[in-house]
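# Analysis of the macromolecular model
What follows is the residue order along each chain.
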Amino acid sequence: MTDIDLEARPATTSPPSTRRTRRIPGEEGTWIFIFGDMCVFAVFFCVFLHARISDPVGFARDQAELNQNFGAINTVLLLVSSLFIVLTMRVIHSSNAVMRAKAPVFIAAAWLCGAGFLVIKGFEYAEKVHHGITPQTSDFFMYYFVLTGLHAFHLVLGLALLVVLFVMSRKPELSKGQFAFFEGGACFWHMVDLLWLVLFPLIFLVR
Amino acid sequence: MPAAPSLFSEKSQRAILWWGIGLAVVYAVALIFLMKMVPPPDADWSAERVAEFYRDNSTSIRWGAVISGWTGAFMMPILAVVAIQMARVETGGAKIWAALSLVSGAVMSIWLALPPIFWGAAAFSADRNPEITAMTHEIGLLTLVTTDQFYVFLWVGVTVLCLRPATQLVKHNPFPRWWGYLSLWITIMFEAGAFAFVPKTGLLSWNGLLVFWSPLSLFGVWISIQSWLLFRALRGQEAEKLATGTTGAPVSEPAEALL
Amino acid sequence: METSTTPAPSTSETFDAAHPDVRTPAELLRSSASAVWVFLVLATVVSWALGTDHGFVESTRTASLIVLVVAFVKVRFVGLYFMELKDAPLPLRALIEAYCLVVCCLTIGFYLAG
């Protein structure tokens with residue numbers, strides 16, 4: 001892994017054949033970050049299930065207090081948000097100016113879905129606290145608050161990143177280095193979605 | 001006949017870096033084997049049990065504190081070299097990110113040196129009232145794990161310089177772009193430490209995965225990789241100096257106009 | 001991110017292979033990623049039904065196992081089609097496949113142990 005040349009350099013033009021060339025989306029460094037995070041969460045999944053072994057009855061009782069519908073709506077919100085980012089990546093190189101101009105709109109839509117996730121998470125937490133449930137209530141709720149809280153923290157980082165991508169997407173052209181960053185940012189947002197795709201079943205659904 | 005180029009700076013940086021690494025290794029050994037803080041005692045131990053731990057290990061913990069007294073400031077030499085190398089690649093005026101890292105290194109040393117002092121004090125008169133020993137012990141551990149922000153300043157500085165396009169134009173640069181992403185990730189992982197004031201069991205307790213194990217191992221990983229990058233860059237800087245035969249002035253001063 | 005001051009070459013024709021030129025709204029949605037997205041939403045609904053007694057599987061243990069496996073199938077699809085790792089160099093592609101497989105096996109193992 002050597003330093004990435006961020007400045008303009010002659011772009012390797014792909015051959016006109018239909019065969020796809022293998023390439024790294026984003027920068028190499030982005031993947032250190034993304035897989036690092038994914039591995040940490042993998043450890044959390046195991047730690048959570050390991051804690052469940054010692055108290056299956058307590059975990060089942062506490063899990064019944066969760067609102068699965070909030071979790072499901074949030075999953076769909078993140079999926080819609082991810083779809084908008086997929087669409088952004090599809091139009092960012094469009095030669096059609098009208099399509100190209102949709103990129104910032106799609107990013108804004110993705111941001112709103114992400115913000116919606118946080119609002120619902122806020123309602124969910126408020127409901128728990130209203131019923132006197134805090135991280136100190138039980139092991140299950142400690143894991144519930146810590147894991148969903150850490151995920152929400154990643155989501156906040158992702159929302160900040162989307163603001164940067166929004167600004168970048170309004171530029172008429174992106175340099176090769178800027179595009180690599182842009183693509184890496186999109187992948188980070190997909191990772192936030194990906195982690196929730198496991199956290200939701202793990203905490204809310206698996207009985 | 002031209003004077004031979006002086007390699008005093010590069011040689012000094014290498015020596016100081018080894019000095020810091022050596023101190024770090026000794027500190028780690030004392031922390032693990034003499035003070036027995038890896039893994040640390042559970043946070044939900046009773047005062048009596050903590051006092052017993054200190055009575056049983058009184059001699060070993062006090063000698064651990066002695067050794068930490070000689071080695072606890074190991075981040076100062078390491079980060080002095082990091083900051084000098086940051087200043088080398090930080091173009092465009094005041095070396096503010098390098099300065100921030102230097103300050104971070106100086107102050108984080110306090111929080112690495114203080115905990116062994118508290119534990120040494122707890123073991124110093126281990127026969128006293130158990131509540132007092134337990135209190136001193138708690139201050140020591142909480143000082144160690146909750147002082148994240150001093151590390152964060154350093155890593156944000158490193159991240160900014162790594163991700164700045166102009167840095168990558170400097171030859172023999174110890175801050176490649178991927179290192180910025182890794183440092184940023186470690187920064188985020190470190191932020192969990194301060195939670196240790198709240199729970200006594202689980203992921204966020206002072207012996208938990210997020211508060212103790214991940215910061216401790218990532219700290220070691222960061223020092224190891226950054227040292228390797230620095231040694232590699234220093235080798236290149238020396239070779240370049242010898243090849244071009246200049247006498248001290250930085251050879252690869254990048255164009256200020258770039259940024 | 002700071003911007004480069006040197007003029008960059010147009011990237012429009014650079015990434016043809018991975019990012020075909022999308023000119024019309026119809027072309028926008030016509031991709032394997034869109035199909036994957038529909039699958040992900042349907043899978044979410046099925047998982048939700050299985051996990052909330054609206055299910056059609058009698059044993060909660062079986063239902064939970066299905067939910068877990070579906071979750072990691074979803075993760076794989078997000079990795080391959082949304083993060084575009086399908087066309088990534090083999091080590092990276094292998095990393096996401098291995099992640100799904102290993103973490104799925106680990107979670108199922110820990111689940112069955114409980």
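The following refers to the structure shown. Chains are numbered independently. Their residues run from 1 in the order of the written sequence. Written order decides the labels, with chains lettered from A and ligands numbered from 1. At least 70 in pLDDT is required for a residue's local features to be given in this predicted model, at least 80 for side-chain atom pairs to be given and counted, and no such filter applies to totals for whole chains, interfaces and linings, which use all residues. Excluded from the side-chain calculations are hydrogens and water; all other atoms, namely the structure's heavy atoms, are used.

### Looking at the overall build of chain B
Formally: Secondary structure elements are defined from DSSP: runs of H or I of at least 4 residues count as helices, runs of E of at least 2 residues count as strands, and each element is numbered from the N terminus. Burial here depends on accessible area, computed with a 1.4 Å probe over protein chains only, as a share of the maximum for the residue type. Under 20% is buried, over 50% is exposed, and the range in between is partly exposed. Should any heavy atoms of two residues lie within 4.5 Å, those residues are counted as being in contact. The method behind every accessible area is Shrake-Rupley, applied with a 1.4 Å probe, and residues are considered shielded solely by the protein chains displayed.
Helix and strand counts for chain B stand at 9 helices and 0 strands. Shown N-terminal to C-terminal, the secondary structure of chain B runs as helices and strands in the order α-α-α-α-α-α-α-α-α. For chain B, the proportion of its 259 residues judged to be buried stands at 54%. Put simply, 77% of the contacts in chain B that link residues at least 6 apart link residues at least 24 apart. Surface accessibility of chain B: about 11100 Å² in total, with carbon and sulfur atoms responsible for 71%.

### Section: the overall build of chain C
On a plain count of helices and strands, chain C comes out with 4 helices and 0 strands. Here chain C holds 114 residues, and the buried ones make up 39% of them. Sequence-distant contacts in chain C: of pairs separated by 6 or more residues, those separated by 24 or more amount to 59%. When the accessible area of chain C is evaluated, it comes to approximately 5500 Å², of which 69% is carbon and sulfur surface.

### Quick notes on the interface of chain B and chain A
Heads up, the rule is: Two parts placed together each lose some accessible area under a 1.4 Å probe, and adding up what both lose gives the buried area. Criterion for a salt bridge: a side-chain nitrogen of Lys or Arg within 4 Å of a carboxyl oxygen of Asp or Glu. In protein, a polar contact means a hydrogen-donor-capable atom and an acceptor-capable atom, both N or O and within 3.5 Å, with residues adjacent in sequence counting only if both atoms are side-chain atoms; elsewhere, any N or O pair within 3.5 Å suffices. Gly falls in the polar group here, along with every residue not listed as nonpolar (Ala, Val, Leu, Ile, Met, Phe, Trp, Tyr, Cys, Pro) or charged (Asp, Glu, Lys, Arg).
Listed by partner, the interface residues are 19 residues for chain B and 26 residues for chain A. Buried surface at the junction of chain B and chain A, summed over both partners, amounts to about 2100 Å²; 76% is from carbon and sulfur atoms. One can count 1 salt bridge joining chain B with chain A. Arg177(B) is the salt-bridge partner of Glu27(A), the closest N and O atoms lying 2.4 Å from each other. The interface formed by chain B and chain A holds 3 residue pairs in polar contact (both at pLDDT 80 or more) in total. Where the side of chain B that touches chain A is concerned, the elements lending two or more residues are helix H8 (177–190) and helix H9 (209–244) of chain B. Here the side of chain B that touches chain A gets 8 residues from one element, more than from any other, and that element is H8(B). Classifying every residue of the side of chain B that touches chain A by side-chain character gives 15 nonpolar, 3 polar and 1 charged.

### Overview of the interface of chain C and chain A
Between chain C and chain A, the residue contacts involve 69 residues of the former and 64 residues of the latter. Buried surface at the junction of chain C and chain A, summed over both partners, amounts to about 6200 Å²; 69% is from carbon and sulfur atoms. Counting every contact that joins chain C to chain A gives 0 salt bridges. Linking chain C with chain A are 14 residue pairs in polar contact (both at pLDDT 80 or more). Mapped by element, the contributors of at least two residues to the side of chain C that touches chain A are helix H1 (25–29), helix H2 (32–51), helix H3 (60–82) and helix H4 (90–113) of chain C. Partitioned by chemical class, the residues of the side of chain C that touches chain A number 39 nonpolar, 19 polar and 11 charged.

### What about the environment of Ser217(B)?
Considering the arrangement of structural elements, one finds Ser217(B) in helix H9. Within the local environment of Ser217(B), its side chain forms a polar contact with the backbone oxygen of Trp213(B), the two atoms lying 2.7 Å apart.

### Some remarks on the environment of Phe59(A)
Residues and elements named next belong to chain A. Examined against the element boundaries, Phe59 turns out to sit in helix H2 (residues 56–63). What makes Phe59 buried here is its relative accessible area of 4%. Distance from Phe59 to Arg207, taken between C-alpha atoms, is 8.7 Å for residues 148 residues apart in sequence.

### Some remarks on the packing of helix H1 (residues 28–54) of chain A against H4(C)
The line we're drawing: The angle between two axes is taken between their N-to-C directions and runs from 0 to 180 degrees, where each axis is a line fitted to C-alpha atoms and a helix contributes only its stretch in contact. Should an angle fall under 35 degrees it is called roughly parallel, over 145 degrees roughly antiparallel, and 65 to 115 degrees roughly perpendicular, with every other angle called oblique.
Where H1(A) meets H4(C), the axes come as close as 8 Å, and the angle between the chain directions of the two elements is 10°. Taken together, the axis directions place H1(A) and H4(C) in an arrangement best described as roughly parallel. On the side of H1(A), the interface is formed by Trp31(A), Phe35(A), Met38(A), Cys39(A), Ala42(A), Phe45(A), Cys46(A), Leu49(A), His50(A), Arg52(A) and Ile53(A), while H4(C) contributes Leu92(C), Leu95(C), Ile96(C), Tyr99(C), Val103(C), Leu106(C), Thr107(C), Phe110(C), Tyr111(C) and Ala113(C). For the contact of H1(A) with H4(C), a count of residues per class yields 18 nonpolar, 2 polar and 1 charged.

### What to know about the pattern of salt bridges
All names here are of chain B. Scanning all chains against the criterion turns up 10 salt bridges over all chains. Where Arg14 meets Glu238, a salt bridge forms, and the shortest distance between an N and an O atom there is 3.3 Å. Residue Arg14 is found in helix H1 (residues 8–34), and its partner Glu238 is found in helix H9; the two are separated by 224 residues along the sequence. For Arg14, a relative accessible area of 22% gives the class partly exposed. Classification of Glu238 by relative accessible area gives buried; the value is 10%.

### As for the nonpolar core
For clarity, the cut-off: Nine residue types can take part in a nonpolar core, namely buried Ala, Val, Leu, Ile, Met, Phe, Trp, Tyr and Cys, and a core is a set of them joined through side-chain atoms within 4.5 Å.
Counting residues in each nonpolar core, the largest one holds 165 residues, and the members touching the most others are Tyr54(B) and Phe74(B). With 20 residues, helix H7 (residues 176–205) of chain A is the single largest residue contributor to this core. If we ignore the near neighbours within four places in the chain, the residues touching Tyr54(B) are Met37(B), Ile61(B), Trp119(B), Ala122(B), Ala123(B), Ala126(B), Thr133(B) and His137(B).

### Some points on the packing of helix H5 (residues 96–124) of chain B against helix H7 (residues 149–163) of chain B
For any two helices packed against each other, one specifies the inter-axial angle together with the distance between the axes. Residues and elements named next belong to chain B. Using the following cut-off: We call a crossing left-handed when the near helix sits turned anticlockwise from the far one by less than a right angle, and right-handed when that turn is clockwise.
One can describe the packing of H5 onto H7 by two numbers: an axis separation of 7 Å at closest approach and a directional angle of 155°. As judged from the angle between their axes, H5 and H7 are roughly antiparallel. Two packed elements cross with a definite hand, and for H5 against H7 that hand is left-handed. Contact residues: Trp97, Leu100, Ser101, Ser104, Val107, Met108, Trp111 and Leu112 in H5; Phe150, Tyr151, Phe153, Leu154, Val156, Gly157, Val160 and Leu161 in H7. The residue makeup of the contact of H5 with H7, split by class, is 13 nonpolar, 3 polar and no charged.

### Here's the deal with the packing of aromatic side chains
All names here are of chain B. Convention followed: Here a Phe, Tyr or Trp ring, Trp counted by its six-membered ring, pairs with any other such ring whose centre lies within 6.5 Å, and the pair is stacked when the planes are under 30 degrees apart, edge-to-face when over 60, and tilted otherwise. Note on criteria: charge over ring means Lys NZ or Arg CZ within 6 Å of the ring centre, with the direction from the centre no more than 35 degrees off the ring normal.
Tallied over the entire structure, the rule returns 35 aromatic pairs over all chains. Centre to centre, the rings of Trp178 and Trp179 are 5.9 Å apart; their planes meet at 70°, and the pair counts as edge-to-face. Judged by its relative accessible area of 0%, Trp179 falls in the buried class. Seen from the ring of Trp228, Arg232 lies directly overhead, with NZ or CZ sitting 5.0 Å from the centre.

### Topic: unusual backbone geometry
Residue and element names in this part refer to chain B. With omega at -5°, the peptide bond leading from Val38 into Pro39 counts as cis. Inspection of the secondary structure puts Pro39 in the loop between H1 and helix H2 (47–56). The phi dihedral of His172 falls on the positive side, at around 50°, and the residue is not glycine. Structurally, the position occupied by His172 is in the loop between H7 and H8.

### Things to note about helix H3 (residues 58–71) of chain B
All names here are of chain B. So the rule is basically this: An expected span of 1.5 Å times one less than the residue number is assigned to each helix. Relevant arc is that of directions from the helix axis to the C-beta atoms, nothing else.
Look at H3: 20 Å from first C-alpha to last across 14 residues, which is about the 20 Å you get at 1.5 Å a residue. Those residues of H3 that fall on the buried side of the exposure criterion are Ser58, Ser60, Ile61, Gly64, Ala65, Ser68 and Thr71. All buried residues of H3 project into a common sector of 165° when viewed along the axis, lining one side. H3 presents Thr59, Trp63, Gly69 and Trp70 as exposed residues on the side facing more than 90 degrees away from its buried surface. Packed against the buried residues of H3 are H1, H2 and H5.

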